[in-house]
Amino acid sequence: MAEVSGGAVLADAVDAAEGGLPLVPSLETAARSIDSRQVAAAVLRSVETVREGKGLSVSMASTKVFPELAVEMTEVGSRPGRCRRC
């Protein structure tokens, strides 16, 4: 499992979504800002599954790149009343 050096960038994308920006474009921008090719590719794969209607945490888990804690934190943050677009 790769260390997610782009974790802060990904968190910023979710924050942007909470602020009213669409999640998919925020994630695409985050992917372009991440130095690790493996993590950037995982974010882009997550974008595709989010477009298909799956939640961000499910999409992240399916890549098998993000640490379980990051996936769990995203899932908790996406519960009703937390993040409207996650």
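Up top is the structure these notes are about.
Since the structure is predicted, the reported quantities are computational estimates derived from the model, not experimental observations.

Scoring rules and cut-offs
Residues numbered from 1 in each chain as written. Predicted model: local features only at pLDDT ≥ 70, side-chain atom pairs only at ≥ 80, totals over all residues. Heavy atoms only, no water. Helix = DSSP H or I, 4+ residues; strand = E, 2+ residues; numbered from the N terminus. Buried < 20%, exposed > 50% of the residue type's maximum accessible area, 1.4 Å probe, protein only. Areas by Shrake-Rupley, 256 points an atom, 1.4 Å probe, with all protein chains shown as cover. Axes fitted to C-alpha atoms, helices over the stretch in contact; angles between N-to-C directions. Parallel < 35°, antiparallel > 145°, perpendicular 65-115°, else oblique. Left-handed = near helix turned anticlockwise from the far one by under 90°. Contact = heavy atoms within 4.5 Å.

Asks: Give a detailed account of the overall build of the chain, specifying residues and quantitative values.
Replies: The secondary structure content of the chain amounts to 5 helices and 0 strands. When burial is assessed residue by residue, the chain has 41% of its 86 residues classed as buried. Entry remark: accessible area of the chain is about 5,100 Å², with carbon and sulfur atoms responsible for 54%.

Asks: So what about unusual backbone geometry? Which residues, and what values?
Replies: Positive phi outside glycine occurs at Lys-64, with the angle close to 60°. Along the chain, the position of Lys-64 falls in the loop between α4 (56-63) and α5 (68-77).

Asks: Break down the packing of α4 against α5 for me, with residues and values.
Replies: At a minimum axis separation of 8 Å, α4 and α5 run at an interaxial angle of 165°. Regarding the angle of α4 to α5, the classification is roughly antiparallel. Handedness of the crossing formed by α4 with α5: left-handed. Counting all contacts with α4, which are made through Leu-56, Ser-57, Met-60 and Ala-61, the residues of α5 involved are Ala-70, Val-71, Thr-74 and Glu-75.

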